[in-house]
Amino acid sequence: MSLKEYQRKRSFHRTSEPKGEVKMSEGNIYVVQKHAATHLHYDLRLEMDGVLKSWAVPKEPPLTVGVRRLAVQVEDHPVEYANFEGTIPEGEYGAGTVEIWDRGTYKLIDRKEDKLIVEINGNKLKGVYVLVRFKDQKNWLFFKKK
Ligand code: MN
């Protein structure tokens, strides 16, 4: 696991985002950050393997069963990123404002190469959620199971 791609994309003397490092401890942070970049999207992050596994969800994450959302996996983010809110300056990667839209914890129910089942305990998202990977590796389907 590595934050190389995360760090390569950013100039830490210009952005206030954390540089971060891979954590040795295993936590269970869940967060969604609303990111008003070129295209408004929601960044879903789950703490796993010492980093935040991250997906960009182009539409509001599903609050109810029956709504399916595309979730595009992006580079792992440092765990500290879960607390980040602010404005990424013009010209920098992800330029725009980031605000925490929902946060809490999650419980891992099942983890396979192409499928994750988690029980999310946030303020907005509550319940069992599934992420299923498409064949192309980057795109996942995100929905509430119950
Ligand atoms: Mn984003």
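Here is a short report on the structure shown in this document. Treat the numbers as computed from the prediction; the structure is a model and nothing was measured. (Residues numbered from 1 in each chain as written. Predicted model: local features only at pLDDT ≥ 70, side-chain atom pairs only at ≥ 80, totals over all residues. Heavy atoms only, no water.)

Turning our eyes to something else, we now look at the pattern of salt bridges. In the structure shown here, the tally under the stated rule is 11 salt bridges. One salt bridge connects E75 with R10, and the closest N-O pair in it is separated by 3.1 Å. You can see E75 sitting in strand 4 (residues 68–77) and its partner R10 sitting in the loop between helix 1 (4–8) and strand 1 (29–36), a full 65 residues away along the chain. According to the relative accessible area criterion, R10 is buried, its value standing at 9%. (Salt bridge = Lys/Arg side-chain N within 4 Å of Asp/Glu carboxyl O. Helix = DSSP H or I, 4+ residues; strand = E, 2+ residues; numbered from the N terminus. Buried < 20%, exposed > 50% of the residue type's maximum accessible area, 1.4 Å probe, protein only.)

Attention now moves to the side chain of S54. Along the chain, S54 turns up in strand 3 (residues 51–57). For S54, a relative accessible area of 0% corresponds to the buried category. A distance of 2.9 Å separates a polar atom in the side chain of S54 from a polar atom in the side chain of R45. Within the local environment of S54, its side chain forms a polar contact with the backbone oxygen of L52, the two atoms lying 3.0 Å apart. If near-sequence neighbours (up to four positions away) are discounted, S54 is found in contact with L44, R45, V72, Q73, V74, E75 and H77. (Polar contact = N/O pair within 3.5 Å; in protein donor to acceptor, adjacent residues only side chain to side chain. Contact = heavy atoms within 4.5 Å.)

This brings us to the coordination of the manganese ion. Every protein donor of the manganese ion is accounted for by H35 (ND1), H41 (NE2) and D43 (OD), and the metal-donor separations fall at 2.2 to 2.3 Å. In this structure H35 comes out as buried when scored by relative accessible area, which is 7%. (Donors = N, O, S within 2.8 Å, 3.2 Å for Na, K, Ca; no water.)

Here the focus is the pairing of strand 4. Note that strand 3 and strand 4 share 4 bridges and pair antiparallel. Considered in strand 4, the bridge of L52 is made with H77. (Pairing = 2+ DSSP bridges.)

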